[in-house]
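What follows is each chain in one-letter form.
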Amino acid sequence: MIRFLKALILLPVAILVVLLAVANRAPVTLSLDPFSQDAPEFATRLPLFAVIFAAVMLGVVIGGTATWLAQGKNRKSRRQLRRETRQLRYETERLKSQTPASTTLPATVSASPSPRF
């Protein structure tokens, strides 16, 4: 079922990506020199779709890194809680193994009648 849903979503996206690449094959100049527009030092000619795909990939990497860094506190607290849980389980099992079997029965209630008013 999951494979079908992935295919249902990824197939149209793949078709759109191919259509974008075919429609934007014209070369553009990518310049990394903001001071010289006539003869830039760092410039290259690339197809427009390559520039678009590179920008999208760079955005995904920057966004993923920012999210990962922002969630650092949550990961740290989760590791601490996991460590504490493991320690408490170990201690619980140790205490269960130390208690004698006769003390595990429920307490008995005396059969004295309740007072009436």
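The name that an unreviewed UniProt entry assigns to the protein chain is LapA family protein, with the source organism given as Microvirga mediterraneensis.

A. The arrangement of a nonpolar patch on the surface in detail. There is a patch of nonpolar side chains on the surface, built from M1, I2, F4, L5, L8, I9, L10, V13 and V17 and spanning about 930 Å² of accessible area. Its relative accessible area of 56% is what places I9 among the exposed residues.

B. Summary view of a positive patch on the surface. Residues K76, R78, R79, R82, R83 and R86 make up a contiguous surface patch of positive charge. Along the polypeptide, R78 turns up in helix α3 (residues 72–98). A relative accessible area of 58% places R78 in the exposed class.

C. Seen up close, the UniProt feature "transmembrane region" (unreviewed entry) in the protein chain. Here the UniProt-annotated "transmembrane region" (unreviewed entry) positions come out as residues 49–70. Helix makes up 100% of residues 49–70 and strand 0%, and the two end C-alpha atoms of the span are 31 Å apart.

D. Seen up close, helix α1 (residues 2–23). Between the first and last C-alpha of α1 there are 32 Å, a value that for 22 residues agrees with the 32 Å anticipated at 1.5 Å per step. Within α1, only one of the 22 residues are buried, leaving the element largely exposed.

E. View of the packing of helix α2 (residues 48–70) against α3. In the contact formed by α2 and α3, the axes pass within 4 Å of each other and the chain directions differ by 45°. By the criterion of interaxial angle, the relationship of α2 to α3 is oblique. Together, W68, L69 and A70 of α2 and G72, K73 and R75 of α3 make up the contact between the two elements. Of the residues that constitute the contact of α2 with α3, the class distribution is three nonpolar, one polar and two charged.

About the cut-offs
Residues numbered from 1 in each chain as written. Predicted model: local features only at pLDDT ≥ 70, side-chain atom pairs only at ≥ 80, totals over all residues. Heavy atoms only, no water. Patch = residues over 30% accessible without salt bridge, like charges linked within 9 Å, V, L, I, M, F, W, Y side chains within 5 Å. Areas by Shrake-Rupley, 256 points an atom, 1.4 Å probe, with all protein chains shown as cover. Salt bridge = Lys/Arg side-chain N within 4 Å of Asp/Glu carboxyl O. Buried < 20%, exposed > 50% of the residue type's maximum accessible area, 1.4 Å probe, protein only. Lys, Arg positive; Asp, Glu negative; His and termini not counted. Charge placed at Lys NZ, Arg CZ, Asp CG, Glu CD. Helix = DSSP H or I, 4+ residues; strand = E, 2+ residues; numbered from the N terminus. UniProt positions renumbered as here; feature names shortened; annotations may be inferred. Expected span 1.5 Å × (residues − 1). Axes fitted to C-alpha atoms, helices over the stretch in contact; angles between N-to-C directions. Parallel < 35°, antiparallel > 145°, perpendicular 65-115°, else oblique. Contact = heavy atoms within 4.5 Å. Nonpolar A, V, L, I, M, F, W, Y, C, P; charged D, E, K, R; others polar.

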